[in-house]
Amino acid sequence: MRKTISLGFLLAFALPASAQVLQRVSIRTPNAPQIAHQLQSDGYDVLEGSIEKGSFQLVVSPESMTELMALGFRPRVLETGRPFYEIEAERMRDAEGASPDAPPAGYPDLANVIAQMQTAAANFPSICQFVDLTATYGMPKTFGNRSLYAVKISDNVNVDEDEQAVLIVSAHHCRETVTPVTALHAMDQFTQLYGVDPMITNLVDTHEIWIAPVWNPDGYNYVWVGNNLWRKNRHAFANGIGVDLNRNYDFGWSAPCRGSSNVSSETYRGPSPASEVETQTMKVWSEDVRFSKVLDFHSFGRETLWEYGCDPHPLSNYLQNEAISLSQAAGYGSKNRPPSADGEHFEWQLNAYGAYSFLMEISTAFQPPFSSAQAEAAQVFPAIVQLINQPVPISGHVTDALTGLPVEATITTRGLNFQRSEVNRS
Ligand SMILES: [Zn+2]
């Protein structure tokens, strides 16, 4: 017995630093929303979609658990993070037991996500292209030596046409596995219904639709092999692992509601603005393509986020109304809110390019049963269609009067007081 105990002790110390323990916990307390937001601004990983009048959830490390106890909270453990492969295997086993003839398909792992994108490009070569963004833009690979990929869907897909570009991106936060399912569903709809559904056909003919289902591939892989509650990328620093990729963008990186500057925090903003390869690749890609519309999928909460976390935007009312109509299209009632922090990807697209850019929190969990994820993807698709269909308030061409060639243009609007160095440009 003694031997077993001491062996267990040794094993605990021999665990690699990469095997972080994370737990999802619930705290019951009066004034839950107020306390939750205070903890959030202190760098705790509060799950926004879980906040109710008398309770909220967080994901905690052993250290943050100890801190919360010291503050007088008594967190109840709901789930201990473990490999998502394990969880999926159990779900498949249970489902097989219930219905041996038709075991359901499960969530796609990273290799499967990429394979689905390549298959779409192979099956629909005239309208769908698989693009290795890392190679295309000569960017470094991620810390885990991975590339970033997207599909481009458009008529004459091999030509850079004079059409509005739209970006659908998901899984900046890798544990939100329900979001790539939604992005891949959209990819399938746009490719499979082209030439079948006149409305979809028209959207594909008149836009360049880019879909990037997993923007945090290192983290997404780690969710499967290591810890299903992991949120950040896997960049290893001396004092901890991972940057919150949705706090790493330049805009708002130093704002009062920025991400944490503590590397062990689940909302660590990184050592400098756009320090991460994933962020840098998004910047180079966006500078080239100039997305006029952006929808960034996260989970969970079933609501649409608009504007900035703690900065004003002169088109606040307009952005909120658009967020409400996107929520309605997704069947989320009119639920909307400004984001909880700055340094987020969709805010940067709004700030740096004047893009029609929103973040949509989907589902009621990070990893609901796969059938629920599929249902959510179908439910949300009308919001993607609406985003693309919505007319842009100002659009057109600015050309050189002498040569007739297009020139880069900055748009200024009388009476609108942009205060955060917004650039509204072509
Ligand atoms: Zn997220």
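None of the values given here were measured: they were computed from a predicted structure.

### What to know about the packing of aromatic side chains
1) Next: Going through the model one piece at a time under the given rule, you end up with 17 aromatic pairs.
2) Next: Summarising the aromatic geometry, the rings of F84 and W224 are spaced 4.8 Å apart at their centres and angled 80° between planes, so their arrangement reads as edge-to-face. With F84 in helix α4 (residues 84-98) and W224 in helix α9 (residues 217-225), this residue pair connects regions lying 140 residues apart in the sequence. The residues F84 and W224 share a single accessibility class, namely buried.
3) Next: Taken together, a centroid distance of 5.6 Å and an interplanar angle of 15° make the contact between W215 and W285 stacked. One end of the pair, W215, is in the loop between β8 (207-212) and α9; the other, W285, is in helix α10 (residues 277-289), with 70 residues separating them in the sequence. This pair shows no difference in class: W215 is buried, exactly as W285 is.
4) Next: Here the aromatic residues F84, Y85, Y107, Y220, W224 and F370 are joined through ring pairs into a cluster of three or more.
5) Next: Taking NZ or CZ as reference, R269 lies 3.6 Å from the ring centre of W253, over its face.
6) Next: Above the ring of Y356, the side-chain terminus of K293 is found at 5.9 Å from the ring centroid.

### What about the coordination of the zinc ion?
1) Next: Only H173 (ND1), E176 (OE), E176 (OE) and H298 (ND1) from the protein coordinate the zinc ion, and they sit 2.1 to 2.6 Å from it.
2) Next: Coordination geometry of the zinc ion: the four donor atoms subtend angles of 54 to 138° at the metal centre, consistent with an arrangement described as irregular.
3) Next: Read in sequence order, the donor residues for the zinc ion give the motif H-x2-E-x121-H. A single burial state applies to H173 and to E176, both of which are buried.

### So, the packing of helix α7 (residues 178-192) against helix α13 (residues 370-389)
1) Next: Contact pair α7 / α13: the axes reach a minimum separation of 8 Å and the direction vectors enclose 60°. Classified by the angle between their axes, α7 and α13 sit oblique to one another. Helix-helix and strand crossings are classified by hand; for α7 and α13 the assignment is right-handed. Here α7 contributes V178, V181, T182, H185, A186, Q189 and F190 to the contact with α13, which in turn contributes F370, A373, Q374, A377, A378, V380, F381, I384 and I388.
2) Next: When the residues that make up the contact of α7 with α13 are grouped by side-chain class, the tally is twelve nonpolar, four polar and no charged.

### Considerations on unusual backbone geometry
1) Next: Omega for the bond connecting S299 with F300 falls within 30 degrees of zero, at 10°, which places this linkage in the cis form.
2) Next: Within the secondary structure layout, F300 lies in the loop between β11 (291-299) and β12 (303-305).
3) Next: Positioned with a positive phi, N31 is a non-glycine residue whose angle comes to about 55°.
4) Next: In this structure, N31 sits in the loop between β1 (23-28) and α2 (32-41).
5) Next: Here A171, not a glycine, exhibits a phi torsion of approximately 60°, which is positive.
6) Next: Position of A171 among the secondary structure elements: in the loop between β7 (164-170) and α7.
7) Next: Residue class for A171 comes out buried when judged on its relative accessible area of 0%.

### Some points on helix α5 (residues 110-123)
Side chains three or four residues apart in an α-helix point the same way, a direct result of the helix having 3.6 residues per turn.
1) Next: Helix length check: α5 (14 residues) gives 20 Å between terminal C-alpha atoms against 20 Å at 1.5 Å per residue, within 8%.
2) Next: Inspection of α5 places L110, V113, I114, M117, A120 and A121 among the buried residues, and these make up the whole buried set. Projected down its long axis, α5 shows its buried positions confined to an angular sector of 120°, all on one face. Facing away from the buried side of α5 by over 90 degrees, the exposed positions are A111, A122 and N123.

Definitions and cut-offs
- Residues numbered from 1 in each chain as written.
- Predicted model: local features only at pLDDT ≥ 70, side-chain atom pairs only at ≥ 80, totals over all residues.
- Heavy atoms only, no water.
- Phe/Tyr/Trp six-rings, centres within 6.5 Å; stacked < 30°, edge-to-face > 60°.
- Helix = DSSP H or I, 4+ residues; strand = E, 2+ residues; numbered from the N terminus.
- Buried < 20%, exposed > 50% of the residue type's maximum accessible area, 1.4 Å probe, protein only.
- Lys NZ or Arg CZ within 6 Å of the ring centre and 35° of its normal.
- Donors = N, O, S within 2.8 Å, 3.2 Å for Na, K, Ca; no water.
- Tetrahedral: all angles 85-135°; square planar, octahedral: opposite > 155°, others 65-115°.
- Axes fitted to C-alpha atoms, helices over the stretch in contact; angles between N-to-C directions.
- Parallel < 35°, antiparallel > 145°, perpendicular 65-115°, else oblique.
- Left-handed = near helix turned anticlockwise from the far one by under 90°.
- Contact = heavy atoms within 4.5 Å.
- Nonpolar A, V, L, I, M, F, W, Y, C, P; charged D, E, K, R; others polar.
- Expected span 1.5 Å × (residues − 1).
- Arc of directions from axis to C-beta.

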